[in-house]
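Summary of structural features
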Amino acid sequence: MIPFSVLDLSPIVEGSDAAQSLRNTLDLAQHAERWGFQRYWLAEHHGMAGIASAATAVVMAHVAGGTSRIRVGAGGIMLPNHSPLVIAEQFGTLESLFPGRIDLGLGRAPGSDQATARALRRDLNADPNEFPQDVVELMHYFDPVSEGQRVRAVPGAGLKVPLWILGSSLFGAQLAAQLGLPFAFASHFAPAQMMQAIEVYRSRFRPSEQLARPYVMLGFNVFAADSDEQAQLLSSSMQQAFVNLRSGRPSRLQPPVAGYEERLTPPERAMLEQTLSCSAIGAPTTVRHALEAFVARTGADELMITSQIFDHKARLRSYEITAGLQQG
(Lines give C-alpha, C1' and ligand atoms only; values in the text may rest on other atoms or scores of the structure.)
Protein backbone atom coordinates (compact mmCIF):
# COMPACT_ATOMS: atom_id res chain seq x y z
CA MET A 1 0.00 0.00 0.00
CA ILE A 2 1.03 3.60 -0.64
CA PRO A 3 1.33 6.10 2.26
CA PHE A 4 -1.87 7.14 4.02
CA SER A 5 -2.44 10.51 5.67
CA VAL A 6 -5.25 12.10 7.69
CA LEU A 7 -7.49 15.01 6.75
CA ASP A 8 -9.28 16.30 9.85
CA LEU A 9 -12.01 18.93 9.61
CA SER A 10 -12.21 19.04 13.43
CA PRO A 11 -15.92 18.19 13.27
CA ILE A 12 -18.20 19.85 15.80
CA VAL A 13 -20.86 17.25 16.52
CA GLU A 14 -24.42 17.89 17.62
CA GLY A 15 -24.54 18.39 21.39
CA SER A 16 -20.85 19.33 21.68
CA ASP A 17 -18.67 22.39 21.02
CA ALA A 18 -15.47 23.55 19.34
CA ALA A 19 -13.37 23.06 22.47
CA GLN A 20 -14.17 19.35 22.56
CA SER A 21 -13.60 19.09 18.80
CA LEU A 22 -10.11 20.52 19.15
CA ARG A 23 -9.33 18.12 22.00
CA ASN A 24 -10.51 15.28 19.77
CA THR A 25 -8.30 16.58 16.96
CA LEU A 26 -5.19 16.34 19.10
CA ASP A 27 -6.18 12.90 20.36
CA LEU A 28 -6.70 11.65 16.81
CA ALA A 29 -3.37 13.15 15.71
CA GLN A 30 -1.53 11.38 18.53
CA HIS A 31 -3.14 8.09 17.58
CA ALA A 32 -2.42 8.70 13.88
CA GLU A 33 1.25 9.24 14.69
CA ARG A 34 1.44 5.95 16.57
CA TRP A 35 -0.41 4.13 13.79
CA GLY A 36 2.08 5.30 11.13
CA PHE A 37 0.14 7.84 9.10
CA GLN A 38 2.37 10.05 6.94
CA ARG A 39 0.91 13.48 7.69
CA TYR A 40 -1.99 15.19 9.44
CA TRP A 41 -3.74 17.99 7.60
CA LEU A 42 -6.33 20.53 8.69
CA ALA A 43 -8.54 22.62 6.43
CA GLU A 44 -9.57 26.27 6.40
CA HIS A 45 -13.35 26.72 6.50
CA HIS A 46 -15.19 29.75 7.85
CA GLY A 47 -18.66 30.24 9.28
CA MET A 48 -19.37 26.49 9.22
CA ALA A 49 -21.32 25.29 12.25
CA GLY A 50 -19.74 21.83 12.06
CA ILE A 51 -16.06 22.69 11.50
CA ALA A 52 -13.67 24.00 14.18
CA SER A 53 -10.48 24.53 12.12
CA ALA A 54 -11.09 28.08 10.82
CA ALA A 55 -7.85 29.37 12.41
CA THR A 56 -5.92 26.66 10.63
CA ALA A 57 -2.37 27.71 11.54
CA VAL A 58 -3.35 27.95 15.22
CA VAL A 59 -4.85 24.44 15.20
CA MET A 60 -1.74 23.17 13.42
CA ALA A 61 0.40 24.52 16.27
CA HIS A 62 -1.90 22.75 18.75
CA VAL A 63 -1.42 19.45 16.87
CA ALA A 64 2.29 19.79 16.18
CA GLY A 65 2.96 20.72 19.80
CA GLY A 66 1.21 17.56 20.98
CA THR A 67 2.99 15.20 18.57
CA SER A 68 6.64 14.58 17.76
CA ARG A 69 7.11 12.99 14.32
CA ILE A 70 4.05 13.17 12.07
CA ARG A 71 4.04 15.93 9.46
CA VAL A 72 1.39 18.58 10.16
CA GLY A 73 -0.10 20.64 7.36
CA ALA A 74 -2.83 22.81 5.95
CA GLY A 75 -5.07 21.11 3.46
CA GLY A 76 -5.44 23.85 2.79
CA ILE A 77 -5.04 27.54 3.31
CA MET A 78 -7.47 29.43 1.04
CA LEU A 79 -4.97 31.97 -0.23
CA PRO A 80 -7.44 34.53 -1.67
CA ASN A 81 -8.54 35.15 1.92
CA HIS A 82 -5.05 36.26 2.97
CA SER A 83 -2.00 38.29 2.14
CA PRO A 84 0.78 35.97 0.91
CA LEU A 85 3.15 37.72 3.33
CA VAL A 86 0.95 36.91 6.34
CA ILE A 87 0.81 33.23 5.35
CA ALA A 88 4.59 33.18 4.84
CA GLU A 89 5.05 34.59 8.35
CA GLN A 90 2.56 32.14 9.89
CA PHE A 91 4.10 29.09 8.26
CA GLY A 92 7.62 30.40 8.75
CA THR A 93 6.76 30.56 12.44
CA LEU A 94 5.37 27.02 12.41
CA GLU A 95 8.45 25.72 10.58
CA SER A 96 10.70 27.50 13.09
CA LEU A 97 8.83 25.90 15.99
CA PHE A 98 8.52 22.43 14.41
CA PRO A 99 11.36 22.15 11.86
CA GLY A 100 10.96 19.63 9.07
CA ARG A 101 7.34 18.78 9.95
CA ILE A 102 5.20 21.49 8.31
CA ASP A 103 3.29 21.31 4.99
CA LEU A 104 1.48 24.20 3.31
CA GLY A 105 -1.35 23.26 0.96
CA LEU A 106 -2.90 26.14 -0.98
CA GLY A 107 -6.36 26.47 -2.48
CA ARG A 108 -8.25 29.26 -4.22
CA ALA A 109 -11.83 28.61 -3.02
CA PRO A 110 -13.17 30.93 -0.29
CA GLY A 111 -13.91 28.08 2.14
CA SER A 112 -17.10 29.93 3.06
CA ASP A 113 -20.20 31.61 1.69
CA GLN A 114 -19.97 34.99 -0.07
CA ALA A 115 -21.07 37.02 2.96
CA THR A 116 -18.42 35.39 5.13
CA ALA A 117 -15.82 35.80 2.39
CA ARG A 118 -16.63 39.51 2.27
CA ALA A 119 -16.20 39.78 6.04
CA LEU A 120 -12.83 37.98 5.79
CA ARG A 121 -11.46 40.13 3.00
CA ARG A 122 -13.47 43.32 3.73
CA ASP A 123 -14.29 43.39 0.01
CA LEU A 124 -14.36 40.93 -2.87
CA ASN A 125 -12.22 42.95 -5.28
CA ALA A 126 -9.48 40.34 -4.98
CA ASP A 127 -9.66 38.27 -8.15
CA PRO A 128 -9.40 34.47 -7.61
CA ASN A 129 -7.65 34.41 -10.99
CA GLU A 130 -4.72 36.13 -9.26
CA PHE A 131 -4.17 32.93 -7.29
CA PRO A 132 -1.17 31.84 -9.42
CA GLN A 133 0.54 35.20 -8.86
CA ASP A 134 -0.19 34.99 -5.13
CA VAL A 135 1.35 31.51 -4.98
CA VAL A 136 4.50 32.72 -6.74
CA GLU A 137 4.70 35.69 -4.37
CA LEU A 138 4.36 33.36 -1.39
CA MET A 139 7.08 31.08 -2.76
CA HIS A 140 9.35 34.10 -3.10
CA TYR A 141 8.99 34.93 0.60
CA PHE A 142 10.45 31.52 1.48
CA ASP A 143 13.53 32.14 -0.71
CA PRO A 144 16.70 33.47 0.91
CA VAL A 145 16.59 37.25 1.18
CA SER A 146 18.23 38.93 -1.80
CA GLU A 147 20.23 42.17 -1.71
CA GLY A 148 17.94 45.17 -1.69
CA GLN A 149 14.79 43.17 -0.93
CA ARG A 150 12.51 45.47 1.03
CA VAL A 151 9.65 43.13 1.95
CA ARG A 152 10.62 39.93 3.69
CA ALA A 153 8.97 37.26 5.84
CA VAL A 154 10.48 37.00 9.31
CA PRO A 155 10.28 34.12 10.15
CA GLY A 156 9.97 32.57 6.71
CA ALA A 157 12.82 33.69 4.49
CA GLY A 158 15.19 30.85 3.69
CA LEU A 159 12.99 28.15 5.18
CA LYS A 160 12.06 25.06 3.19
CA VAL A 161 8.31 24.80 3.77
CA PRO A 162 6.94 22.33 1.20
CA LEU A 163 4.10 23.84 -0.83
CA TRP A 164 1.23 21.87 -2.34
CA ILE A 165 -1.48 22.94 -4.74
CA LEU A 166 -4.99 21.77 -3.85
CA GLY A 167 -7.79 21.58 -6.36
CA SER A 168 -11.03 20.02 -7.51
CA SER A 169 -10.70 21.01 -11.19
CA LEU A 170 -8.17 21.23 -14.00
CA PHE A 171 -7.06 24.71 -12.88
CA GLY A 172 -5.15 23.42 -9.87
CA ALA A 173 -3.70 20.54 -11.87
CA GLN A 174 -2.31 22.91 -14.49
CA LEU A 175 -0.84 25.28 -11.90
CA ALA A 176 0.78 22.49 -9.86
CA ALA A 177 2.31 21.08 -13.04
CA GLN A 178 3.61 24.45 -14.20
CA LEU A 179 5.20 25.26 -10.82
CA GLY A 180 6.52 21.75 -10.24
CA LEU A 181 4.61 21.29 -6.98
CA PRO A 182 2.83 18.24 -5.55
CA PHE A 183 -0.89 18.13 -6.30
CA ALA A 184 -3.68 17.17 -3.90
CA PHE A 185 -7.09 16.58 -5.49
CA ALA A 186 -10.32 16.91 -3.50
CA SER A 187 -11.78 13.64 -4.73
CA HIS A 188 -13.33 12.99 -1.31
CA PHE A 189 -16.10 15.49 -2.11
CA ALA A 190 -15.63 16.66 -5.74
CA PRO A 191 -14.51 13.64 -7.79
CA ALA A 192 -16.01 14.58 -11.17
CA GLN A 193 -12.77 15.74 -12.85
CA MET A 194 -10.35 13.57 -10.88
CA MET A 195 -9.02 11.34 -13.65
CA GLN A 196 -8.71 14.18 -16.14
CA ALA A 197 -6.93 16.36 -13.59
CA ILE A 198 -4.45 13.59 -12.79
CA GLU A 199 -3.67 13.15 -16.49
CA VAL A 200 -3.23 16.89 -17.05
CA TYR A 201 -0.95 17.23 -14.03
CA ARG A 202 1.27 14.29 -14.89
CA SER A 203 1.55 15.07 -18.59
CA ARG A 204 2.40 18.76 -18.09
CA PHE A 205 4.59 18.49 -14.99
CA ARG A 206 7.81 20.51 -14.98
CA PRO A 207 10.47 19.49 -12.44
CA SER A 208 11.33 22.11 -9.83
CA GLU A 209 13.74 22.61 -6.96
CA GLN A 210 11.11 21.14 -4.62
CA LEU A 211 9.98 18.18 -6.74
CA ALA A 212 11.68 16.12 -9.46
CA ARG A 213 8.64 14.13 -10.63
CA PRO A 214 4.85 14.39 -10.30
CA TYR A 215 3.32 13.49 -6.97
CA VAL A 216 -0.45 13.02 -6.63
CA MET A 217 -2.33 12.81 -3.37
CA LEU A 218 -6.06 12.01 -3.53
CA GLY A 219 -8.74 12.59 -0.93
CA PHE A 220 -10.67 9.46 0.05
CA ASN A 221 -13.48 8.84 2.54
CA VAL A 222 -13.21 5.80 4.79
CA PHE A 223 -15.89 4.55 7.17
CA ALA A 224 -14.39 1.38 8.58
CA ALA A 225 -15.92 -0.71 11.35
CA ASP A 226 -16.04 -4.31 12.52
CA SER A 227 -18.99 -5.04 10.21
CA ASP A 228 -20.36 -3.68 6.94
CA GLU A 229 -23.65 -2.85 8.65
CA GLN A 230 -22.00 -0.81 11.40
CA ALA A 231 -19.89 1.10 8.86
CA GLN A 232 -22.96 1.91 6.76
CA LEU A 233 -24.64 3.33 9.84
CA LEU A 234 -21.59 5.46 10.71
CA SER A 235 -21.47 6.89 7.19
CA SER A 236 -24.99 8.34 7.54
CA SER A 237 -23.62 11.27 9.56
CA MET A 238 -21.52 12.35 6.59
CA GLN A 239 -24.46 11.79 4.26
CA GLN A 240 -26.61 14.07 6.40
CA ALA A 241 -23.86 16.70 6.39
CA PHE A 242 -23.72 16.80 2.58
CA VAL A 243 -27.50 16.85 2.14
CA ASN A 244 -27.81 19.67 4.67
CA LEU A 245 -24.97 21.63 3.06
CA ARG A 246 -26.34 21.27 -0.47
CA SER A 247 -29.79 22.27 0.84
CA GLY A 248 -28.38 25.54 2.18
CA ARG A 249 -28.64 24.58 5.84
CA PRO A 250 -25.17 23.49 7.01
CA SER A 251 -25.24 21.92 10.44
CA ARG A 252 -23.13 20.33 13.10
CA LEU A 253 -22.29 16.71 12.43
CA GLN A 254 -25.42 14.74 13.25
CA PRO A 255 -25.78 11.35 14.98
CA PRO A 256 -26.03 8.39 12.61
CA VAL A 257 -29.49 7.40 11.43
CA ALA A 258 -30.39 3.86 10.40
CA GLY A 259 -31.85 3.67 6.90
CA TYR A 260 -31.09 7.35 6.19
CA GLU A 261 -30.64 6.91 2.44
CA GLU A 262 -34.05 5.28 2.14
CA ARG A 263 -35.65 8.54 3.31
CA LEU A 264 -34.03 10.65 0.61
CA THR A 265 -35.46 11.80 -2.69
CA PRO A 266 -33.97 10.33 -5.89
CA PRO A 267 -32.06 13.59 -6.64
CA GLU A 268 -30.58 13.58 -3.14
CA ARG A 269 -29.50 9.95 -3.47
CA ALA A 270 -27.94 10.68 -6.87
CA MET A 271 -26.07 13.67 -5.41
CA LEU A 272 -24.63 11.52 -2.62
CA GLU A 273 -23.68 8.73 -4.99
CA GLN A 274 -21.72 11.16 -7.16
CA THR A 275 -20.23 13.29 -4.37
CA LEU A 276 -19.11 10.36 -2.21
CA SER A 277 -18.07 8.01 -5.01
CA CYS A 278 -14.49 7.99 -3.73
CA SER A 279 -15.30 6.19 -0.49
CA ALA A 280 -14.80 2.88 1.28
CA ILE A 281 -17.55 1.84 3.68
CA GLY A 282 -17.45 -1.47 5.49
CA ALA A 283 -15.57 -4.07 7.47
CA PRO A 284 -11.76 -4.35 7.03
CA THR A 285 -11.92 -6.70 4.03
CA THR A 286 -14.49 -4.52 2.26
CA VAL A 287 -12.41 -1.40 2.88
CA ARG A 288 -9.20 -3.10 1.73
CA HIS A 289 -10.74 -4.08 -1.60
CA ALA A 290 -12.09 -0.56 -2.15
CA LEU A 291 -8.74 1.04 -1.33
CA GLU A 292 -6.80 -1.34 -3.57
CA ALA A 293 -9.20 -0.77 -6.48
CA PHE A 294 -8.99 3.02 -6.08
CA VAL A 295 -5.19 3.06 -6.00
CA ALA A 296 -5.02 0.72 -9.01
CA ARG A 297 -7.42 2.93 -10.98
CA THR A 298 -5.75 6.24 -10.19
CA GLY A 299 -2.09 5.41 -9.61
CA ALA A 300 -2.17 7.73 -6.58
CA ASP A 301 1.13 8.31 -4.78
CA GLU A 302 -0.61 8.93 -1.44
CA LEU A 303 -4.14 8.89 -0.03
CA MET A 304 -5.50 11.58 2.28
CA ILE A 305 -8.05 9.73 4.40
CA THR A 306 -11.00 11.56 5.92
CA SER A 307 -13.54 9.96 8.24
CA GLN A 308 -16.37 12.26 9.31
CA ILE A 309 -17.80 10.04 12.04
CA PHE A 310 -20.04 11.30 14.85
CA ASP A 311 -18.66 9.21 17.72
CA HIS A 312 -15.01 9.94 18.46
CA LYS A 313 -14.20 6.37 19.56
CA ALA A 314 -15.77 4.99 16.38
CA ARG A 315 -13.74 7.51 14.37
CA LEU A 316 -10.54 6.36 16.05
CA ARG A 317 -11.47 2.76 15.30
CA SER A 318 -12.02 3.59 11.62
CA TYR A 319 -8.54 5.10 11.34
CA GLU A 320 -7.03 2.21 13.31
CA ILE A 321 -8.51 -0.30 10.85
CA THR A 322 -7.28 1.78 7.92
CA ALA A 323 -3.77 1.97 9.35
CA GLY A 324 -3.72 -1.79 9.75
CA LEU A 325 -4.60 -2.25 6.09
CA GLN A 326 -1.76 0.07 5.08
CA GLN A 327 0.71 -1.99 7.08
CA GLY A 328 -0.49 -5.25 5.57
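Residues numbered from 1 in each chain as written. Predicted model: local features only at pLDDT ≥ 70, side-chain atom pairs only at ≥ 80, totals over all residues. Heavy atoms only, no water.

**Details of the pattern of salt bridges**
When the charged atoms of two side chains with opposite charge come close together, those side chains can pair. The full count for this structure, using the stated rule, is eight salt bridges. The residue Arg-288 makes a salt bridge to Glu-292 at a minimum N-O spacing of 3.7 Å. Taken as a pair, Arg-288 and Glu-292 lie in helix α10 (residues 284-298) at a separation of four residues, close to a single helical turn. Residue classification places Glu-292 among the partly exposed residues on the basis of a relative accessible area of 38%. Note that Arg-317 and Glu-320 form a salt bridge whose closest N and O atoms lie 3.3 Å from each other. On the criterion of helical spacing, the pair formed by Arg-317 and Glu-320 is a turn pair, its members being three residues apart in helix α11 (residues 312-326). Through salt bridges with shared partners, a single network forms among Arg-39, Arg-71, Asp-103 and Glu-302. (Salt bridge = Lys/Arg side-chain N within 4 Å of Asp/Glu carboxyl O. Helix = DSSP H or I, 4+ residues; strand = E, 2+ residues; numbered from the N terminus. Buried < 20%, exposed > 50% of the residue type's maximum accessible area, 1.4 Å probe, protein only.)

**With respect to helix α3 (residues 84-97)**
Over its 14 residues, α3 runs 20 Å from end to end, which matches the ideal 20 Å to within 8%, given 1.5 Å per residue. Those residues of α3 that fall on the buried side of the exposure criterion are Pro-84, Leu-85, Ile-87, Ala-88, Phe-91, Gly-92, Leu-94 and Glu-95. Those residues of α3 that are buried are in contact with α2 (56-65), β3 (71-78), β4 (102-107) and α5 (131-142). (Expected span 1.5 Å × (residues − 1). Contact = heavy atoms within 4.5 Å.)

**Some thoughts on the side chain of His-312**
With respect to the helices and strands, His-312 occurs in helix α11. A distance of 2.8 Å separates polar atoms of two side chains, one belonging to His-312 and the other to Asp-27. Beyond its immediate stretch of four places on either side in the chain, His-312 contacts Asn-24, Asp-27 and Leu-28. (Polar contact = N/O pair within 3.5 Å; in protein donor to acceptor, adjacent residues only side chain to side chain.)

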